[in-house]
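So the chains spell out like this:
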Amino acid sequence: ASTMMSISFIFLLTVLLAAALSSTDAFAPINSNQRVGATNSLSMGIFDAFQKAFTNEEYGAPPDAIKATARHILVPTLDEANTVLSEIGKGETSFGALAGQYSTCPSKSRGGSLGSFQPGTMVKEFDEVVFSPETKIGEVKGPIQTQFGYHLLVVDKRSGGSDWY
């Protein structure tokens, strides 16, 4: 039994040594312009491949996604948007309550909240205001015309990306 174990150990050691000295990289992806079995002078050994498999150097930390959280009031006409804007200016009624009263968007049941979203999720005109460095957090912006009507919006939060806002 010990002879069998010695032979197995020598065989395993031989295979590992042969793999380590091999000039091909068994773990590297094959490029379309590379033949199977072709050698590469920059190939790595088997132990380098194992080490690389347990590190994440190629990918690094994922970038923080740019996101915004906003609320809006959507109305069909510019006149209605200006009416709501004047109501907001009086300061007697909250933005959320006015959204519930005037907005034609289903988000009115949540005080106009659109939740959190990334650039490109909303229509272009809306995104341009929400992700603009000039738009201050908590400031009412609008009326903004889109294919859906006229929006009054408030950006509640922005995150990710950089300090461009």
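Residues numbered from 1 in each chain as written. Predicted model: local features only at pLDDT ≥ 70, side-chain atom pairs only at ≥ 80, totals over all residues. Heavy atoms only, no water.

Participant: Tell me about helix α3 (residues 78-90), and name the residues and values.
Facilitator: In a regular helix each residue adds 1.5 Å, so 13 residues correspond to 18 Å; α3 covers 19 Å between its end C-alpha atoms and thus fits that length. Within α3, the full set of buried residues consists of Ala81, Val84 and Ile88. Along α3, the residues classed as buried sweep out an arc of 65° about the axis, all on the same side. Every exposed residue of α3 that faces more than 90 degrees away from the buried side is listed here: Asp79, Gly89 and Lys90. Structurally, α3 contributes buried residues whose contacts are with β1 (67-75), α4 (95-102), β3 (140-146) and β4 (149-159). With its phi angle positive at about 75°, Gly91 sits one or two positions after the end of α3. (Helix = DSSP H or I, 4+ residues; strand = E, 2+ residues; numbered from the N terminus. Expected span 1.5 Å × (residues − 1). Buried < 20%, exposed > 50% of the residue type's maximum accessible area, 1.4 Å probe, protein only. Arc of directions from axis to C-beta. Contact = heavy atoms within 4.5 Å.)

Participant: An account of the side chain of Thr135 is needed here, citing residue identities and associated values.
Facilitator: Take Thr135: it is sitting in the loop between α5 (124-130) and β3. In terms of polar contacts, Thr135 uses its side chain to reach the backbone carbonyl oxygen of Val129, at 2.6 Å. Residue contacts for Thr135: discarding those within four places in its chain leaves Val129, Lys141, Val155 and Arg158. (Polar contact = N/O pair within 3.5 Å; in protein donor to acceptor, adjacent residues only side chain to side chain.)

Participant: So what's going on with unusual backbone geometry? Which residues, and what values?
Facilitator: Backbone torsion omega between Gly142 and Pro143 reads 5°, so that peptide bond is classified as cis. Positionally, Pro143 belongs in strand β3.

Participant: Report on the nonpolar core, specifying residues and quantitative values.
Facilitator: Nonpolar side chains tend to gather and get buried jointly when the protein is soluble and globular. Ranked by size, the top nonpolar core spans 11 residues in total: Ile73, Val75, Ala81, Val84, Ile88, Phe95, Leu98, Ala99, Tyr150, Leu152 and Val154. Here Tyr150 is in contact with Ile73, Leu74, Val75, Pro76, Thr77, Leu78, Ala81, Pro143, Ile144 and Gln145, once residues within four sequence places are set aside. By size, the runner-up hydrophobic cluster in this structure holds 10 residues, among which are Ala68, Phe126, Phe131 and Leu153. (Core = buried A, V, L, I, M, F, W, Y, C linked by side-chain atoms within 4.5 Å.)

Participant: Give a description of the pattern of salt bridges that names residues and reports values.
Facilitator: This model, assessed by the stated rule, comprises 3 salt bridges. In this structure, the salt-bridge partner of Lys90 is Glu87, at a minimum N-O distance of 3.4 Å. Of this pair, Lys90 and Glu87 both sit in helix α3, separated by 3 residues, roughly a single helical turn. Look at Lys90 and you get exposed, because its relative accessible area is 52%. (Salt bridge = Lys/Arg side-chain N within 4 Å of Asp/Glu carboxyl O.)

Participant: How would you sum up the sheet that holds β4? Please name residues and give values.
Facilitator: Spatially, 4 strands are ordered β2-β1-β4-β3 in an open sheet, and the strand pairing comes out antiparallel. Each having just a single partner strand, β2 (113-117) and β3 make up the two edges of the open sheet. Strand-to-strand, the axes of this sheet are offset by a mean angle of 35°, without reference to chain direction. Here β1 pairs with β4 via 9 bridges, running antiparallel. When the bridges of β4 are listed, His72 appears paired with Leu153. Sitting on the sheet, α3 is in contact with β1, β3 and β4, with an inclination near 170° to β3. (Pairing = 2+ DSSP bridges. Axes fitted to C-alpha atoms, helices over the stretch in contact; angles between N-to-C directions.)

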